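Okay, here's what each chain looks like letter by letter:
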Amino acid sequence: MYRDIVDFALTTPGWLHTLAEVGTDAGLFLFAALFVLTWWRARYAPARDLALALAGPAGIVCAYVSSEIVKIFIMEERPCRGGVATIAACPPVGDWSFPSNHSVIAVGAAATLTLIWRTLAWVVFPLAAVMAFSRVFVGVHYPHDVLAGALIGLLLAPLFTLLLVGAVTPVVRLVRARVPALAPRA
């Protein structure tokens, strides 16, 4: 399946190659902007809502660290090392393939943003799926790398976020109590 996708990708127009390479990283910046927007939206909301918006990125970082730990134990070589022509340059030796960190972050961000602001689901999950697929399309990951990364992001990012909310909510309440300008508006 990997070869079929990569061979097909090479037949597509150059602008699509650029979009696939740049789009994955640009999508991560879009997710970051959506987190800023959710924070802005929740700034006067109940303490737990604001705590979710603040803890979300930390939950994604925890999922990412978990995927890095998996990479250390699995140490799967990138598929592009096998002499396969790909759109993207192959990452350096020692930058392991399994699981896809881009997929962890993209799907983890989508899942966490949906916890915070449910109506974003119809936008963020398709975006995450396209970003994850692009990693195979450009040739730097096998499909199972992307699926494993998506699963890690889907499960761990919201889980870590919810675990962190318990610690962040009292801090939000404390800060709001000491800084009246940050208190919720009636």
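Going by the structure above, here's the rest.
Computed from a prediction, not measured in an experiment: that's the story for all the values here. (Residues numbered from 1 in each chain as written. Predicted model: local features only at pLDDT ≥ 70, side-chain atom pairs only at ≥ 80, totals over all residues. Heavy atoms only, no water.)

Caption draft 1: Examining the nonpolar core more closely. Membership of the largest hydrophobic core comes to 30 residues, with the highest contact counts inside it found for Phe31, Leu34, Phe35, Leu113, Leu120, Val124 and Ala128. Only helix 2 (14–42), helix 3 (47–74), helix 4 (101–116), helix 5 (121–137) and helix 6 (143–178) provide two or more residues apiece to this core. The element contributing the most residues to this core is helix 3, with 8 residues. Sequence-distant contacts of Phe31, that is, excluding residues within four places in its chain, are made with Ala106, Ala109, Ala110, Leu113, Val124, Leu127, Ala128 and Met131. (Core = buried A, V, L, I, M, F, W, Y, C linked by side-chain atoms within 4.5 Å. Buried < 20%, exposed > 50% of the residue type's maximum accessible area, 1.4 Å probe, protein only. Helix = DSSP H or I, 4+ residues; strand = E, 2+ residues; numbered from the N terminus. Contact = heavy atoms within 4.5 Å.)

Caption draft 2: Just the state of the cysteines, in detail. In this structure the tally under the stated criterion is 1 disulfide. Sulfur-sulfur distance for the disulfide between Cys80 and Cys90 comes to 2.1 Å. Taking the sign of the torsion about the S-S bond as the criterion, the disulfide between Cys80 and Cys90, at about 70°, is right-handed. Of the two residues, Cys80 sits in the loop between helix 3 and helix 4 while Cys90 sits in the loop between helix 3 and helix 4, which places them 10 residues apart along the sequence. (Disulfide = S-S within 2.5 Å.)

Caption draft 3: Geometry of the environment of Ala106. When you line up the elements, Ala106 lands in helix 4. Once you skip the residues sitting within four places of it in the chain, Ala106 turns out to touch Leu28, Phe31, Ala128 and Met131.

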